[in-house]
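Fold and contact review
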Amino acid sequence: MFSEEDESNAARQAKIQQLMAEDDAKWQEERRKRLLGKYATVESWEEVEKLQKEDREKEMKEIDMKVNLAKEAGVTLTMLEPTDGAATGGIDGGSSDSKVDFGRTKSSSWFGPEEGLALDLPEVKGGDDAMREDGPRVVNGQITSREQLMGISVGSAGGWSLEVFPGDFVVHRKYGIGRYERTVLNPKGKLTPEEKEAAEERRKEIINDLMKDGKQLEEIQRVVESFGTAADTDPISNPLTTLLEIAYSDAVVHVPIERAYRLSRYRAGDAAVKPKLSRVKGEAWAKAKRKVEANTVQMAEDVLALYATRETLNRPPFDPSAEGMVKVFSKSFPFEPTPDQKKCFEDVENDMVWRSRPMDRLICGDVGFGKTEVALRALFRAVANGRQAALLAPTGVLAAQHFKQVVRRMGEETEHKFNIALLRGGMGKNTKKGRELRASIAAGDVDIIVGTHALLSNGMSFKDLGLLCIDEEQRFGVNQKERLKLICNCVDVLTLSATPIPRTLQMSLSGIRDTSTIRSPPPMRKPTISYVQEYEESLIKSAVEKELARGGQCYYVVPRISQLQDASDLLQRLFPGLRVIQAHGRMSRGAAEENVAAFAEGGYDVLLATTVIENGVDIPRVNTIIIQNAQAFGMSTLYQLRGRVGRSDLQAYAYFFHKNDAITEQSAQRLQAMADLHELGSGFDVANRDLEIRGAGSLLGTEQSGMAAKVGFDLYMRMLKKSIRQLRGLDLPVVPRSNVILPGGEGSIEWDAASDDASASYLIPDSYIQDAKERSKQEGVARLAESTARLVEITNEWKEKYGGIPSELQNNLKALHLNSCLRQLGIDIVGLDESTGDCILRSPGLRPRHWAMICSQLPRGAPPRGLDVIFPARFTFSTEDKEISGGKKIDLDEFINPNYADDDEEWDALDEEEVEAMKEISSASTIKNMQDVEIQNYPRFVVKKLGTSVEEGSRVDALLKVLLPPSKVVFKKQEKDKEKAKLAAELRDKREAIARQKKEQEKLNSRRLGGFGY
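Please read all numbers here as calculations on a predicted model, not as lab measurements.

Across its full length, the protein chain carries 30 helices and 32 strands. Scored against the burial criterion, the 1014 residues of the protein chain give a buried share of 51%. In the protein chain, the share of contacts with a sequence separation of at least 24, taken over all contacts with a separation of at least 6, comes to 76%. Counting only carbon and sulfur atoms, one obtains 49% of the accessible surface of the protein chain, whose full area is about 49,000 Å².

Turning our eyes to something else, we now look at the environment of glycine 646. Residue position: glycine 646 is located in the loop between α19 (635-642) and β24 (653-658). Between the C-alpha atoms of glycine 646 and threonine 624, which are 22 residues apart in sequence, the distance is 8.2 Å. Excluding residues that lie within four positions of it along the chain, glycine 646 makes contacts with Arg525, Thr528, Val622, Asn623 and Ala652.

Here the focus is the confidence of the model for the protein chain. Mean pLDDT over the protein chain: 78, with 81% of residues reaching 70 or higher. In this model, residues 85-98 is a region of pLDDT below 50 whose contacts with residues beyond four sequence positions or in other chains number 46 contacts.

For the rest of this paragraph, the subject is the nonpolar core. Met410, Ile448, Leu467, Leu494 and Trp798 are the most contacted members of the largest nonpolar core, which has 54 residues in total. A per-element tally of this core places helix α11 (residues 371-384) first, with nine residues. Once residues within four sequence positions are removed from consideration, leucine 494 is found in contact with Val348, Met359, Arg361, Ile363, Val374, Ala375, Ala378, Leu467, Leu468, Cys469 and Ile470.

On to the sheet that holds strand β31 (residues 882-884), then. Spatial strand order, β27-β28-β29-β32-β30-β31: six strands in an open sheet with mixed pairing. One side of each edge strand has no neighbouring strand; the edge strands of this open sheet are β27 (739-740) and β31. Where strand β30 (residues 868-871) and strand β32 (residues 940-943) come together, three bridges link them in antiparallel fashion. Across the sheet, the residue bridging to valine 869 is phenylalanine 941, located in β32.

For the rest of this paragraph, the subject is the packing of helix α6 (residues 193-212) against helix α7 (residues 217-226). Between α6 and α7, the shortest axis-to-axis distance is 10 Å and the interhelical angle comes to 165°. By the angle between their directions, the pair α6 and α7 is classed as roughly antiparallel. Seen along the crossing, α6 lies across α7 with a hand that is right-handed. Residues Ile206, Ile207, Leu210 and Met211 of α6 lie in contact with α7, whose contacting residues are Ile220, Val223 and Val224.

Moving on to the environment of alanine 543. With respect to the helices, strands and loops of the structure, alanine 543 is situated in helix α16 (residues 537-549). Separated by 110 residues in sequence, alanine 543 and tyrosine 653 place their C-alpha atoms 8.5 Å apart. If we skip the residues at most four places from it in the chain, alanine 543 touches Thr624, Ile626 and Tyr655.

Attention shifts here to the sheet that holds strand β16 (residues 465-471). Sheet architecture is open: seven strands sit in the order β14-β15-β13-β16-β17-β12-β18, paired in parallel fashion. Edge positions in the open sheet fall to β14 (420-423) and β18 (514-518), since each of these has one partner strand only. The sheet shows a mean angle of 15° between the axes of neighbouring strands, direction not considered. As defined by bridge partners, strand β13 (residues 388-392) adjoins strand β15 (residues 448-451) across four bridges and the pair is classed as parallel. Residue leucine 392 lies in a different strand from β15, and its bridge partner there is glycine 451. Lying over the sheet, α11 contacts β12 (360-365), β13, β15, β16, β17 (492-497) and β18, oriented at roughly 165° with respect to β17.

Once that is clear, we can look at a negative patch on the surface. Negative charge collects at one region of the surface, where Glu4, Glu5, Asp6 and Glu7 lie side by side. Owing to a relative accessible area of 56%, glutamate 7 belongs among the exposed residues under this scheme.

This part takes up helix α17 (residues 564-574). Turning to α17, its buried residues number three or more, namely Leu564, Ala567, Ser568, Leu570, Leu571 and Leu574. Projected down its long axis, α17 carries its buried residues within an arc of 160°, all on one side. Within α17, the exposed residues directed more than 90 degrees away from the buried face are Asp566 and Arg573.

Going through the model one piece at a time under the given rule, you end up with nine aromatic pairs. Ring centres of phenylalanine 333 and phenylalanine 335 lie 5.7 Å apart, and the angle between their planes is 75°; this geometry places the pair in the edge-to-face category. Judged by relative accessible area, which is 16%, phenylalanine 333 ranks as buried. Phenylalanine 335 gets classed as exposed once you look at its relative accessible area, which sits at 59%. Consider the rings of phenylalanine 380 and phenylalanine 418, whose centres lie 5.2 Å apart with planes at 35°: the pair is tilted.

So, about a positive patch on the surface. Together, Lys463, Lys773, Lys777 and Lys801 give the surface a local cluster of positive charge. Among the secondary structure elements, lysine 463 is positioned in the loop between β15 and β16.

On to the packing of helix α9 (residues 323-330) against α11. At a closest axis distance of 10 Å, the pairing of α9 and α11 adopts a crossing angle of 140°. Looking at the two axes, α9 sits oblique to α11. Pair α9 / α11 crosses with right-handed handedness. Contacts between α9 and α11 pair Glu323, Met325, Val326, Phe329 and Ser330 from the former with Leu376, Arg377, Phe380, Arg381 and Ala384 from the latter. Looking at side-chain class alone, the contact of α9 with α11 contains six nonpolar, one polar and three charged residues.

One pass over the structure, following the stated rule, counts 29 salt bridges. Ionic pairing is found between glutamate 62 and lysine 66, a salt bridge with its closest N-O pair at 3.5 Å. Here glutamate 62 pairs with lysine 66, and both are found in helix α2 (residues 45-72), just four residues apart, close to one helical turn. The exposure class of glutamate 62 is partly exposed, given its relative accessible area of 25%. The exposure class of lysine 66 is buried, given its relative accessible area of 0%. With a closest N to O distance of 2.5 Å, aspartate 351 and arginine 361 form a salt bridge. With aspartate 351 in helix α10 (residues 339-353) and arginine 361 in strand β12, this residue pair connects regions lying ten residues apart in the sequence. Each member of the pair aspartate 351 and arginine 361 is classed as buried. Each of Lys343, Asp347, Asp351, Arg355, Arg357, Arg361 and Asp514 takes part in salt bridges that share partners, so that together they form one network.

On to the side chain of serine 667. Relative to the helices and strands, serine 667 resides in helix α20 (residues 665-676). Every residue in contact with serine 667, bar those within four places of it in the chain, is listed here: Gln631 and Ala662.

Moving on, we get to the pairing of β30. Taken residue by residue, a regular strand's side chains alternate between the two faces of the sheet. Side chains Asp868 and Ile870 project from β30 onto one buried face, and the interleaved Val869 and Phe871 project onto a second face that is buried too. With three bridges connecting them, β30 and β31 associate as antiparallel partners. Bridge pairing in β31 links phenylalanine 871 to lysine 882.

A two-sided burial pattern is seen for strand β7 (residues 169-172), the buried positions comprising Phe169 and Val171 on one face and Val170 and His172 on the other. One ladder, built from four bridges, connects β7 with strand β8 (residues 176-187); its direction is antiparallel. Within the sheet, the bridge partner assigned to phenylalanine 169 lies in β8 and is arginine 179. As judged from the three bridges shared by β7 and strand β11 (residues 263-265), these two strands associate in the antiparallel manner. Directly across from histidine 172, in β11, lies its bridge partner leucine 263.

Rules and cut-offs
Residues numbered from 1 in each chain as written. Predicted model: local features only at pLDDT ≥ 70, side-chain atom pairs only at ≥ 80, totals over all residues. Heavy atoms only, no water. Helix = DSSP H or I, 4+ residues; strand = E, 2+ residues; numbered from the N terminus. Buried < 20%, exposed > 50% of the residue type's maximum accessible area, 1.4 Å probe, protein only. Contact = heavy atoms within 4.5 Å. Areas by Shrake-Rupley, 256 points an atom, 1.4 Å probe, with all protein chains shown as cover. pLDDT = per-residue confidence, 0-100. Core = buried A, V, L, I, M, F, W, Y, C linked by side-chain atoms within 4.5 Å. Pairing = 2+ DSSP bridges. Axes fitted to C-alpha atoms, helices over the stretch in contact; angles between N-to-C directions. Parallel < 35°, antiparallel > 145°, perpendicular 65-115°, else oblique. Left-handed = near helix turned anticlockwise from the far one by under 90°. Patch = residues over 30% accessible without salt bridge, like charges linked within 9 Å, V, L, I, M, F, W, Y side chains within 5 Å. Salt bridge = Lys/Arg side-chain N within 4 Å of Asp/Glu carboxyl O. Lys, Arg positive; Asp, Glu negative; His and termini not counted. Charge placed at Lys NZ, Arg CZ, Asp CG, Glu CD. Arc of directions from axis to C-beta. Phe/Tyr/Trp six-rings, centres within 6.5 Å; stacked < 30°, edge-to-face > 60°. Nonpolar A, V, L, I, M, F, W, Y, C, P; charged D, E, K, R; others polar.

Pasting the structure below:
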């Protein structure tokens, strides 16, 4: 009986197993077909290739359409090739110049097994090898087209740009944090009147053609019903647009390509933590933005208070008459400067010569892109003006290299004969050499001091320090920077960095710190090919063999001194007889520099070192660097180390070897950045990526990382800029100097090195102020007076101290008054239009809202008679240029966008305008003739017939008559804004102090009560 029951149970179980197997097989087949789509039915490799070809043709056609539609919308769209990371859904990524492998398991073919799914594609010999890299891929077990994995780079001529790949988190100003998925083609939601009319005409044509062809009424009706839907493929009847698909927690939003500026990459400083997707519905995102906006208003008050404080700091500007010597020195530079270098030279000159407040400028540029030349010219300018200068470097190797270069260019063996000294570790104040050198510096016998941290010691004093250059600012710690603040009070500071620390970068982006960027590479320079891979001895052997075979040398870098011996043993084992020399920070004094010099002379094959070679080593023959345990280095260090190679026209290679078991999320992201950002000039982008990974830290002593995390760093900085602009009200861009090119040099205060005629300059006659030093000081004070009222005060002081103003100086004072007015009104260039005789005064940053605000404060609310203003159409919300005639009262409201206060597009336009205006202002001083300027493209003042109706010698008076009233309005408004910002910051400081006192009192009371046993 039991045997029969067992047999029955067994049969039942077998049947169940059979049914489950059949059901599982059916489910597997259905899933396979669903995931593989049309590839599920292929029976031969030829069919696979045919389908791939069809997909590629369809994709290319669709991509071309998307790009062209974006172009029609005024946007540049570039499709970016998918990285390995995009293909596998992992962090791995790269390009033709960067190879990444974090040791993760990858299938040998895109059609390989994924998540246990048997794809069952035909096994054809060479199938895997024959797979094209531009075909579909398997991502998360599903066939995905190449286009779906492609990233996008979107931008406009105005300056905004966005680069994202599928899966990247983005922030939309209206909807919040989302995830970018793909680009799609959809019918346009809103058509212009012209497009509507064209669509109606085209649809009539389609219906008429169908009727002529004798189509049935039902068929015609179906076509009519399809108009405006996805089935309507006619580009005129149903115009398409390119959209960006963004996924949110409760919806999918399609953003038109022309409005992609509303998106930014989500960066908040903790890139290892994925943000929570926002909800499109509800008020959560709006509440978060309001909270952040309140924070940015407070921050903006701090920033403006800092602006006001900085403007109160004054030091005598450097003498423009010494610029002739600087030009002579610049000729000793053996290379043609790149365009970005020239821009940096001009920025630094403007800061040192044409501003009364001390310079605080960051020069950000790739290693080997010419930052040092900018510093050398600044050092020379300081000494040429009779001041001392110092160059601070983080390591002895870098300081020694700078010292040699400074001596070679301007030392006692040159025509300049400057006295230059090197102060380094081991030359403390208790040593004989240290005491002697410090005494020479304090006495002013040393012109330029190059040194390491010893320059920051407490016993260090200068006779007259005029400039401090800091190389590789990111290498100095908090305590050292606090010491720098004490040294640099009222001293010009020039900071050099390839990868500024996040806080410095943030201050630059927010406008708190002046920044110049060198992105254009020297000629013939090639990007370094980077490999990020797990440590393998065979790869090290291959890399070294490859470099030695072409007669080159190698760097081998380890993070710890204790690892040097193991690395040396490895190299000797792989290459018996290999010539290896070491360099590290614990060698005897000068030994590291000597070993580097011996290596540079070609006596060794490999320099085995720690990060001591991160800065200051420039050997063109070395074009391979191997970095062991790369996961242990910071991003700036990795970037600097890679910059040690690639300093010639040979192809350079950088190998970043890591240990998989030691990889953290952040270290993986740093290595990924090394692979992604391999192009020349990407140092600023590396710093941006570091900011994304590590966070922005503290700005002005206020912690705002939490607020940045709520909306993303880019949107936070945009909101901060908006708050600053709203508080400032009148936000005319600053003009450090104006270029007046009227006939006969009338009105110009530029120094003419080729002229000995004092009347052609602003110089004070020798007979009026006989002491040369005092005369130079007073010239600088008058030349950079912030207003005409201040110039009147200075003149009265001169009268009391030196007597009546001679006639020779009277004309020069008028030129000073004119230039003060020009700077206040943002006018960077003044000249005559030879065809009309009109005087043109270009003001790139002037906008209708500015002029409306200024005119509202003038008598009768009208601009001065004789002073016309012309705004190009792109600034007037119309299709034509707008001319505002002087002396006539006008309706100023028509020139102000009614949505100015809240409209996002308006604020974007303001940002773009500011960037564009500053570019033009910075280049104005090099213009020699008004014919070189396409003046019709810029906002400008016009004084008609000045060249024909006003005699030469009286034109400055005529210009002052019309420019003085509006310039006074601007000055008063700016002073009022500064005072308001300072008062707001002081009030908040008092509130915070009261809150701290209250908190401390509560703690004290709590301890007292605890002592009584309560």
